[in-house]
Amino acid sequence: MIFADKLTQLRKKAGMSQEELAEKVGVSRQAISKWEGAQAMPDMNKVLKLSEVFGVSTDYLLKDDIEEETLSEDGAKESLTDDGTSLTPVSLEEANWYLAHEEANAQIHGLGVFLCIISPSLLLFFLDGDPTNLQIAAGLVVLIAVAAFAVFLFVRQGLRKEPFSYLEKEPLDTAYGVESMVREKKKKHQSIRVRRISIGVALCIVAVIPLIIFSATSSGTDYARGIFNVPSWTLVLLLFLVGFAVFLFVREGILSGACNVLLEEGDYTRRKKYVGQRIGTPFWCGMTVLFLVLSFLTGAWHLTWIVWVAAAALWEVLCTLLPGPKA
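The present account deals with the structure reproduced in this document. Here the residue index of a chain counts from 1 through its sequence in written order. Thresholds applied to this predicted model are a pLDDT of at least 70 for local features of residues and 80 or more for the giving and counting of side-chain atom pairs; totals over whole chains, interfaces and linings are not thresholded and use all residues. Side-chain measures were taken over the full set of non-hydrogen atoms in the model, leaving aside hydrogen atoms and water.

### Regarding the pattern of salt bridges
Where charged atoms from two side chains of opposite charge approach closely, those side chains can pair. The salt bridge definition used is simple: a Lys or Arg side-chain nitrogen within 4 Å of an Asp or Glu carboxyl oxygen. Scanning all chains against the criterion turns up 11 salt bridges. Among the ionic pairs, Glu265 bridges to Arg183, the shortest N-O distance being 2.6 Å. With Glu265 in the loop between helix H13 (232–263) and helix H14 (270–298) and Arg183 in helix H10 (residues 178–206), this residue pair connects regions lying 82 residues apart in the sequence. Think of it in three bands: residues with accessible area under 20% of the maximum for their type are buried, residues over 50% are exposed, and the middle band is partly exposed, with areas taken using a 1.4 Å probe on protein chains only. With a relative accessible area of 37%, Arg183 lands in the partly exposed category. Where salt bridges share partners, they join Glu179, Arg183, Lys186 and Glu265 into one cluster. Segments assigned H or I by DSSP are reported as helices when at least four residues long, segments assigned E as strands when at least two residues long, and all are numbered from the N terminus.

### Some points on the environment of Gln107
With respect to the element layout, Gln107 can be found in helix H6 (residues 92–118). Under the relative-accessibility criterion, Gln107 is labelled partly exposed at 37%. Separated by 141 residues in the primary sequence, Gln107 and Leu248 have C-alpha atoms spaced 9.0 Å apart. Residues within four places of Gln107 in sequence aside, it is in contact with Phe247 and Arg251. By definition, residues are in contact when any of their heavy atoms lie within 4.5 Å.

### A closer look at the side chain of Gln157
Structurally, the position occupied by Gln157 is in helix H8 (residues 133–161). Judged by its relative accessible area of 3%, Gln157 is buried. Two N or O atoms count as a polar contact when they lie within 3.5 Å, although within protein this holds only if one can serve as hydrogen donor and the other as acceptor, and sequence-adjacent residues are included solely when both atoms are side-chain atoms. Here the side chain of Gln157 touches Asn105 through a polar contact of 3.2 Å, side chain to side chain. Gln157 has contacts with His101, Asn105 and Ile108, leaving out every residue within four places of it along the chain.

### Some details on the environment of Ser51
Residue placement: Ser51 occurs in helix H4 (residues 44–54). Using a relative accessible area of 8% as the deciding quantity, one classes Ser51 as buried. For the pair formed by Ser51 and Leu61, sequence separation is 10 residues and the distance between their alpha carbons is 7.6 Å. Those residues in contact with Ser51 that lie beyond four places of it in its chain are Val56, Ser57, Thr58 and Leu61. At 2.6 Å, the side chain of Ser51 forms a polar contact with the backbone oxygen of Leu48.

And the structure:
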């Protein structure tokens with residue numbers, strides 16, 4: 001089907017007149033008539049505008065051999081793979097909104113994890129020596145309050161992310177320019193990502209140095225005993241350093257994951273979404289039942305967690321071996 005026929009079909013399916021389409025694109029009705037009559041072709045800017053108006057890709061409009069995009073009953077684009085799997089359209093504007101949301105989410109989610117890690121700090125500080133009941137109570141109150149605030153952040157961000165949940169679950173048909181924009185952002189951020197992850201790894205290593213030094217200098221020949229008799233400030237310092245390192249890991253993980261979502265790479269490939277839609281719920285529900293049954297029957301809760309490791313490995317195998325969607 002040539003461009004002229006596709007344009008005519010899209011306009012009629014959307015219930016537009018030539019005048020209405022001309023107003024949306026910013027041209028005259030005569031221009032639309034010429035395009036539909038195969039007497040002229042729009043320039044690239046107008047093609048991009050048409051793709052936005054109808055929610056179809058520029059490839060579909062310009063390439064005669066692409067026939068797999070149709071319209072749903074409400075006139076919206078419905079891209080299909082060869083096996084009939086529906087693809088969800090994603091515009092450049094939607095992609096930018098999602099990346100902006102995930103950038104803020106990375107900061108807040110990382111802060112929440114950091115707060116969870118450092119929440120016992122005051123309690124540990126008070127436990128050094130002979131704490132009073134009031135000090136212990138104050139430490140517990142701070143621990144619970146900080147942890148509760150962290151949970152509040154997680155829940156709030158989770159609810160704010162719901163409008164974008166389809167991006168992680170549905171196979172996508174991104175508009176012209178989305179992929180190049182995301183890859184450019186990912187490329188520019190790569191050096192920052194490497195630096196932050198390197199700092200996080202270094203902090204995790206450095207965090208134990210005060211604990212090791214103090215235990216070695218205060219325990220004489222009984223080094224193992226000294227490890228458990230260090231002052232609480234060394235443990236508090238360890239929590240803060242590790243907490244900040246994990247903050248960096250979480251932040252970069254979310255940002256990288258957001259790019260992978262739009263590019264359908266990593267854990268968000270079309271194959272994994274396809275398999276997840278079909279067997280994801282029964283598979284993970286089955287693993288949960290297996291974990292609980294084994295745990296209650298054996299009482300070996302310290303060992304049955306291995307079920308989740310095996311489940312994760314099995315899931316990757318299934319995503320690789322089971323037939324995925326046709327391109």
